[in-house]
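This is what each chain is made of:
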Amino acid sequence: MFPRSRVVGPTNFELAWGIYPARHIAENKRDALKQWLARVREGVSEIEMIEGARRYRAYCEQLRLVATSYVMQPRRFFGTSRHFELPWEIEKPQTSWVS
């Protein structure tokens, strides 16, 4: 794993930060915390954001994206686009059997 910054935020944010998949470079934790707090002020549930981080981590692990540049920046994930609300599921290919 790569080192993460030492900025300390609210307990639920720390939980989400620990769950969130690592990128190939250290991320700015303070920027992610600002986005997190902005969503909380908008009335978004912290649990919803934590669960979104769990889904995204599982998605990244399945596609082997962890610790690469393809992992979304946390400040964007918790930002105004609300990527934490997405299902982050990998669709299984449809198998059709011809008889």
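Residue numbering note: each chain is counted from 1, following its sequence as written. pLDDT decides what is reported in this predicted model: residues at 70 or higher carry local features, side-chain atom pairs at 80 or more are listed and counted, and totals for whole chains, interfaces and linings draw on all residues regardless. Side-chain figures throughout are based on the complete set of non-hydrogen atoms in the structure, without hydrogens or water.

Outline the environment of Y20, listing residues and values.
When you line up the elements, Y20 lands in the loop between α1 (11-19) and α2 (29-41). Assessed through its relative accessible area of 2%, Y20 is described here as buried. Here the alpha-carbon distance between Y20 and A53, two residues 33 residues apart in the chain, equals 5.4 Å. We call two N or O atoms a polar contact when they sit within 3.5 Å, provided that within protein one can donate a hydrogen and the other can accept it, with sequence-adjacent residues counted only if both atoms are side-chain atoms. At 2.6 Å, the side chain of Y20 forms a polar contact with the backbone oxygen of M72. Think of it this way: any DSSP run of H or I at least four residues long counts as a helix, any run of E at least two long counts as a strand, and we number them from the N terminus. Think of it in three bands: with a 1.4 Å probe and only protein chains considered, a residue is buried below 20% of the maximum accessible area for its type, exposed above 50%, and partly exposed in between.

For the packing of α1 against helix α3 (residues 46-62), give the residues involved together with the corresponding values.
The relative placement of two packed helices is expressed as an angle between their axes plus a distance between the axes. Packing of α1 against α3 brings their axes to within 9 Å, and their N-to-C directions diverge by 10°. Classified by the angle their axes make, α1 and α3 are roughly parallel. When α1 is examined against α3, the residues N12, L15, A16, G18 and I19 are found in contact with a partner set consisting of E46, I50, A53, R54 and R57. All axes are obtained by fitting lines to C-alpha atoms, using only the stretch in contact for helices, and the reported angles, taken between N-to-C directions, cover 0 to 180 degrees. Every angle not falling under 35 degrees, over 145, or within 65 to 115 is termed oblique; those three ranges are roughly parallel, roughly antiparallel and roughly perpendicular. The contact criterion used is simple: two residues touch if any of their non-hydrogen atoms lie within 4.5 Å.

Any chance you could break down the packing of aromatic side chains for me, citing the residues and the numbers?
Stacked, tilted and edge-to-face are the three classes applied to pairs of Phe, Tyr and Trp rings, where Trp contributes its six-membered ring and a pair requires centres within 6.5 Å; stacked means planes under 30 degrees apart, edge-to-face means over 60, and tilted covers the rest. A complete count under the given rule lists 13 aromatic pairs for this structure. Ring centres of F13 and W36 lie 5.6 Å apart, and the angle between their planes is 70°; this geometry places the pair in the edge-to-face category. Remark: W36 occurs in helix α2 and F13 occurs in helix α1; sequence separation between them is 23 residues. As far as burial versus exposure is concerned, F13 and W36 are alike and both buried. With centroids separated by 5.5 Å and ring planes inclined at 35°, the aromatic side chains of Y20 and Y56 adopt a geometry described as tilted. Taken together, the residues Y20 in the loop between α1 and α2 and Y56 in helix α3 connect sequence positions 36 residues apart. Relative accessible area serves as the criterion here: at 3%, Y56 is assigned to the buried category. In this structure an aromatic cluster arises from ring pairing among F13, W17, Y20, W36, Y56, Y59, F77, F78, F84 and W88.

Describe α3, naming the residues involved and giving the relevant values.
How far a helix is expected to stretch is found by multiplying one less than its residue total by 1.5 Å. With 17 residues, α3 extends 25 Å from end C-alpha to end C-alpha; this agrees with the ideal 24 Å at 1.5 Å per step. Of all the residues in α3, the buried ones are M49, I50, G52, A53, Y56 and C60. Along α3, the residues classed as buried sweep out an arc of 155° about the axis, all on the same side. Away from its buried face by more than 90 degrees, α3 exposes I47 and Q62. Those residues of α3 that are buried are in contact with α1, α2 and α4 (74-77). With a side-chain oxygen positioned 3.2 Å from the backbone nitrogen of I47, the residue opening α3 is S45. At the C-terminal side of α3, R64 shows a positive phi close to 55°. Think of it as the arc spanned by the lines of direction from the helix axis to the C-beta atoms.

Now, about the side chain of R39: what can you tell me, with residues and values included?
Among the secondary structure elements, R39 is positioned in helix α2. According to the relative accessible area criterion, R39 is buried, its value standing at 3%. Ignoring sequence-local partners within four residues, the contact set of R39 consists of V44, M49, F78, G79, T80, R82 and F84.

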